[in-house]
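Given next are the chains, with one letter for each unit.
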Amino acid sequence: MRTQVAIIGAGPAGLLLGQLLQRAGIDNVILERRTPDYVLGRIRAGVLEQGTVDVLKLAGVEDRLQRESLLHEGVDLSLEGVRHRISFHELVGRTVTVYGQTEVTRDLMHAREAFGGLSVYEAESVALSGITDRRSRVSYTLHGDAREIECDFIAGCDGYHGVSRRSIPAEVLRTFERSYPFGWLGVLADVPPAWDELIYASSERGFALASMRSPTRVRCYVQCPLEDQVEQWSDERFWEEFKSRIGADIAARMQTGPSIEKSIAPLRSFVAEPMRHGQLFLAGDAAHIVPPTGAKGLNLAVSDVFYLYEGLLDYYRQGDRGSLDAYSTRALRRVWQSVRFSWWMTSLLHQFPGEEEFSSRIRRSELEYLFTSPAAQAVLAENYVGLPL
Ligand code: APR
Ligand code: PHB
């Protein structure tokens, strides 16, 4: 088989790139290791920057998003149960859109089906070759049959554990990493939220986040030790811990219910440079991971894809390689801004086990400063709503 762009991975990055290329008449094939149901079973964050919504519109997947999403004009930060509102709208004149990543993925899958784009699910043993000699190929097996795709370019959208980044020689790739000494335990439940906007809560017992997916579904998190297993956390234990951190007034009026999903994720920052090697371009989690505080993961995947799409468009429409050549530098500049912001929000709001008293006093004083200084709030707001693409 021959195609112009072979896309590895059908997460939001791969599907979005596929859809943008499809609409521009650039031929592409998506190879995904898992089944569509497996991909849709993963629950991730749910806050979209305006720039992300704009790119989703460009990809033609805004209908359900516009009907079902929630517009949030700010967030609350809470310290020991006392809340302070950060109004993005007042501070920087912008807002964010609450809509689950799973729903973005579902919309993109439907759009691809409707457009007749080829997606190969359950593709095993995907391997890349000819990346630097302009004879790029992707081989894989499907239900035991060996297959190969010849292509101009490969888009590595296969997440942190994918094969694409590992196909770049070790002497070319530099990686940067920070692990945090805790995880997030997340619960999804069908109860109406007792909060209008997200609450990021710092408390002595640890961080908690009150989020939502719709007027009838909440997504809540508590910081937990890295060693914890989901089985140790009954729904009752989770809600009790969440209530002890989120603030007495919310705790008193909130509803709880059985979890429909419960999982623990470690927190990590990771960046791989460069994001391009020969004809291979990395996008999304394949190149970088941010901790979820600030909800930048999906938004960064979308900005990578947008830059890559522009590069491919210039190449196929005008034969101009300039923006493809600039891709890695351009994408990484924005990646590092989000890596910095996510690291900062994580450091500001969590309890670090074994930390000296000095550091926790500094953190507390930074939070108090944030509550009283519109200038400090504007910095948070500007980053949270998303730096320009
Ligand atoms: N071959 C084919 N597909 C693969 C391979 C492989 N060797 N390895 C991984 N994949 C697939 C995975 O099964 C997954 O469906 O690549 C896809 C990558 O999707 P995501 O992990 O969702 O990554 P991405 O599309 O970059 O989305 C970024 O997801 O993890 C969140 O916080 C992150 O919100 C951000 C978003
Ligand atoms: C979520 O709704 O799952 C969510 C929201 C904001 C975050 C992280 C996760 O910062």
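One can find the structure itself at the top, above this paragraph.
A brief report on the enclosed structure follows. Note that this is a predicted model, so its numbers are computed, not measured.

Here we look at the site of ligand 1
- In the neighbourhood of ligand 1, 24 residues make up the surrounding shell, with E32, R42, R44, Q101 and D285 lying closest.
- At 3.3 Å from an oxygen atom of ligand 1 is found a main-chain nitrogen or oxygen belonging to P12.
- A distance of 2.6 Å is found between an oxygen atom of ligand 1 and a side-chain nitrogen or oxygen belonging to E32.
- For ligand 1, whose accessible area on its own is 710 Å², the fraction buried by protein is 91%.
- Elements that contribute at least two residues to the shell around ligand 1 include exactly α1 (12–23) and α9 (297–318).
- Looking at the shell around ligand 1 element by element, the count peaks at three residues for α9.
- Broken down by class, the residue content of the shell around ligand 1 amounts to 10 nonpolar, seven polar and seven charged.

Concerning the packing of aromatic side chains
- Taken as a whole and assessed by the stated rule, the structure comprises 20 aromatic pairs.
- Plain terms: the ring middles of Y160 and F270 are 5.1 Å apart, the flat faces sit at 90° to each other, and that makes the pair edge-to-face. On the criterion of sequence distance, the pair formed by Y160 in the loop between β11 (145–156) and β12 (174–189) and F270 in strand β16 (residues 259–273) is long-range, its members being 110 residues apart.
- Centroid distance F238 to W239: 5.1 Å. Interplanar angle 75°. Geometry classified as edge-to-face.
- Under the relative-accessibility criterion, F238 is labelled buried at 0%.
- An aromatic cluster is defined as three or more aromatic residues linked by ring pairs; in this entry it consists of F88, W184, Y200, F207, Y221 and Y384.
- Sitting over the ring of Y38, R34 keeps its end group 4.2 Å from the ring centre.
- Just above the ring of W233 sits the side chain of R237; from NZ or CZ to the centre is 3.6 Å.

Structural notes on the pairing of strand β14 (residues 208–214)
- Counted residue by residue, β14 has seven buried out of seven residues, so it is predominantly covered.
- Inspection of the sheet shows strand β13 (residues 199–202) paired to β14 by three bridges, in the antiparallel sense. In the sheet register, A201 faces β14, and the bridge partner there is A208.
- Taken together, β13 and the strand that follows it, β14, pair antiparallel across an intervening segment of five residues, in which G206 is found at a positive phi of about 125°.
- Across six bridges, β14 lies against strand β15 (residues 217–224) in antiparallel orientation.

Brief notes about the sheet that holds strand β6 (residues 82–87)
- Pairing is mixed in the open sheet, where eight strands are placed in the order β6-β5-β13-β14-β15-β12-β16-β19. The open sheet is flanked by β6 and β19 (288–289), the only strands paired with a single partner.
- Helix α7 (residues 235–246) contacts β5 (74–79), β12, β13, β14, β15 and β16 of the sheet and is inclined by roughly 80° relative to β15.
- Packed on one face of the sheet, helix α11 (residues 357–372) meets β5, β6 and β13 and runs near 140° to β5.

Notes on the site of ligand 2
- Y200, S211, R213, Y221 and P292 are the nearest of the 15 residues found near ligand 2.
- Between an oxygen atom of ligand 2 and a side-chain N or O atom of Y200, the distance comes to 2.6 Å.
- One of the backbone nitrogen or oxygen atoms of P292 is found 2.8 Å away from an oxygen atom of ligand 2.
- Isolated, ligand 2 exposes 280 Å² of accessible area, and the fraction of that covered by the protein chains is 99%.
- Listed by contribution, the elements that provide at least two residues to the shell around ligand 2 are β14 and β15.
- Counting residues per element, the shell around ligand 2 draws most heavily on β14, at three residues.
- Of the residues belonging to the shell around ligand 2, the class tally is nine nonpolar, three polar and three charged.

Observations regarding the pairing of β5
- Burial of β5 is extensive: six of the six residues sit out of reach of the surface.
- The side-chain alternation of β5 yields two buried faces, one formed by G74, D76 and S78 and the other by V75, L77 and L79.
- As paired strands, β5 and β6 are joined by six bridges and run antiparallel to one another. By the bridge assignment for β6, G74 is matched with S87.
- If you look at the hairpin formed by β5 and β6, you'll find two residues sitting between the two strands, and E80 has a positive phi there, around 45°.

Overview of unusual backbone geometry
- In the segment running from E273 into P274, the intervening peptide bond is cis, with an omega of -5°.
- Assignment of secondary structure puts P274 in the loop between β16 and β17 (276–277).
- Unlike most non-glycine residues, R134 shows phi in positive territory, near 60°.
- One can find R134 in the loop between β9 (123–129) and β10 (137–142).
- Among the residues examined, R134 registers a relative accessible area of 55% and is labelled exposed.
- The phi dihedral of H143 is positive, around 45°, even though this residue is not glycine.

Focus: the side chain of E197
- Looking at the secondary structure, you find E197 in the loop between β12 and β13.
- Judged by its relative accessible area of 13%, E197 is buried.
- A polar contact is formed between the side chain of E197 and the backbone nitrogen of E73, at a distance of 3.0 Å.
- Polar contacts involving the side chain of E197 include one to the main-chain amide nitrogen of G74, which spans 3.4 Å.
- Excluding residues within four positions of it along the chain, E197 makes contact with H72, E73, G74, V75, R85 and M212.

So, how was this worked out
- Residues numbered from 1 in each chain as written.
- Chains lettered and ligands numbered in written order.
- Predicted model: local features only at pLDDT ≥ 70, side-chain atom pairs only at ≥ 80, totals over all residues.
- Heavy atoms only, no water.
- Near = heavy atom within 4 Å.
- Polar contact = N/O pair within 3.5 Å; in protein donor to acceptor, adjacent residues only side chain to side chain.
- Areas by Shrake-Rupley, 256 points an atom, 1.4 Å probe, with all protein chains shown as cover.
- Helix = DSSP H or I, 4+ residues; strand = E, 2+ residues; numbered from the N terminus.
- Nonpolar A, V, L, I, M, F, W, Y, C, P; charged D, E, K, R; others polar.
- Phe/Tyr/Trp six-rings, centres within 6.5 Å; stacked < 30°, edge-to-face > 60°.
- Buried < 20%, exposed > 50% of the residue type's maximum accessible area, 1.4 Å probe, protein only.
- Lys NZ or Arg CZ within 6 Å of the ring centre and 35° of its normal.
- Pairing = 2+ DSSP bridges.
- Contact = heavy atoms within 4.5 Å.
- Axes fitted to C-alpha atoms, helices over the stretch in contact; angles between N-to-C directions.

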